[in-house]
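So the chains spell out like this:
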Amino acid sequence: DAGVTQSPTHLIKTRGQQVTLRCSPKSGHDTVSWYQQALGQGPQFIFQYYEEEERQRGNFPDRFSGHQFPNYSSELNVNALLLGDSALYLCASSSDFSGEEETQYFGPGTRLLVL
Amino acid sequence: AQSVTQPDIHITVSEGASLELRCNYSYGATPYLFWYVQSPGQGLQLLLKYFSGDTLVQGIKGFEAEFKRSQSSFNLRKPSVHWSDAAEYFCAVVPNFGNEKLTFGTGTRLTIIP
């Protein structure tokens with residue numbers, strides 16, 4: 001049973017560029033959440049997608065956007081990159097119908113470095 | 001404001017010794033509670049969770065946690081640590097049913113000495 005997968009594993013961008021990160025949820029899961037983890041910090045919630053719609057959003061600017069596809073996979077897009085966007089970006093999946101609705105399973109993350 | 005506090009930034013224990021990592025939360029009602037572990041450069045692995053019922057929950061890798069409503073705490077314990085337990089540990093909460101936004105503490109880094 002494949003867990004949550006993310007790509008790429010590492011990424012280097014320069015300020016002002018745009019980046020797209022990808023996530024495939026665990027088999028059977030239909031909900032994808034994205035988190036940003038700065039160095040030495042706990043993960044911070046960016047947003048959550050369910051049924052191809054953004055269901056919740058954390059305190060992140062509109063430069064952060066996302067998408068969910070019919071197969072439940074998801075993308076996180078960040079425009080106009082800032083140095084402060086350098087972080088580990090974590091994707092988590094869960095299911096509203098699995099019997100453990102509030103349990104999120106995390107992928108390995110994408111390490112983004114903005115120069 | 002709702003929050004999760006992990007008072008210990010860094011803990012060092014000897015291999016074979018017991019371990020307790022502290023977590024306190026501040027919410028209007030009892031949230032759902034989780035402990036995750038993160039090895040260097042890795043994602044988060046779920047250790048255990050508490051939704052309701054028995055306040056002592058068992059998890060993977062020999063970990064357990066006890067929910068104490070009166071203290072708003074959910075401390076993680078292990079009777080005998082192994083060198084492979086060295087990692088960052090995060091306590092997290094979901095405030096109410098239907099809201100899956102996880103709020104994390106700042107983490108506790110565990111170092112194991114031989």
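Located above this text is the structure these notes cover.
Keep in mind that this is a model prediction, so the values were computed, not measured.

Caption draft 1: Quick look at the layout of surface pockets. Roughly 390 Å³ of volume is contained in the largest pocket. What lines the largest pocket is a set of 22 residues, among which Gln37 and Gly40 of chain A together with Gln38, Glu88 and Phe90 of chain B lie closest to the centre. Considering each element in turn, the lining of the largest pocket owes the most residues, three residues, to strand 10 (residues 87-94) of chain B. Residue classes in the lining of the largest pocket are distributed as eight nonpolar, eleven polar and three charged. Of the voids in this model, the second largest pocket is the one considered here, and its volume is about 240 Å³. In terms of lining residues, the second largest pocket is bounded by 15 residues, among which Pro43, Gln44 and Phe45 of chain A together with Lys101 and Thr103 of chain B are the most central. Classifying every residue of the lining of the second largest pocket gives six nonpolar, eight polar and one charged.

Caption draft 2: Focus on the packing of aromatic side chains. On inspection of all chains with the given rule, the structure shows 16 aromatic pairs over all chains. Relative to phenylalanine 104 of chain B, the ring of tyrosine 35 of chain A has its centre 5.8 Å away and its plane inclined at 90°; by these criteria the two rings are edge-to-face. Of the two residues, tyrosine 35 of chain A sits in strand 4 (residues 31-37) while phenylalanine 104 of chain B sits in strand 11 (residues 103-104), which places them in two different chains. Judged by centre distance (4.5 Å) and plane angle (40°), the rings of tyrosine 32 of chain B and phenylalanine 51 of chain B are tilted. In this pair, tyrosine 32 of chain B is assigned in strand 5 (residues 32-38) and phenylalanine 51 of chain B in the loop between strand 6 (44-50) and strand 7 (56-58), connecting sequence segments 19 residues apart. Taken together, the ring pairs in this structure connect Tyr35, Phe45 and Phe106 of chain A together with Tyr32, Phe34, Tyr36, Phe51, Phe90 and Phe104 of chain B into an aromatic cluster. Here the guanidinium or amino end of lysine 26 of chain A rests over the ring plane of tyrosine 105 of chain A, the centre of that ring lying 4.2 Å away. The ring of tyrosine 50 of chain A is capped by arginine 55 of chain A, whose NZ or CZ atom sits 4.4 Å from the centre of that ring.

Conventions and cut-offs
- Residues numbered from 1 in each chain as written.
- Chains lettered and ligands numbered in written order.
- Predicted model: local features only at pLDDT ≥ 70, side-chain atom pairs only at ≥ 80, totals over all residues.
- Heavy atoms only, no water.
- 1 Å grid on protein atoms, 1.4 Å probe; cavity = no way out; pocket = protein on both sides within 12 Å on 5 of 7 lines; lining within 4 Å.
- Points joined across faces, edges and corners; volume = space filled by probe spheres on them.
- Helix = DSSP H or I, 4+ residues; strand = E, 2+ residues; numbered from the N terminus.
- Nonpolar A, V, L, I, M, F, W, Y, C, P; charged D, E, K, R; others polar.
- Phe/Tyr/Trp six-rings, centres within 6.5 Å; stacked < 30°, edge-to-face > 60°.
- Lys NZ or Arg CZ within 6 Å of the ring centre and 35° of its normal.

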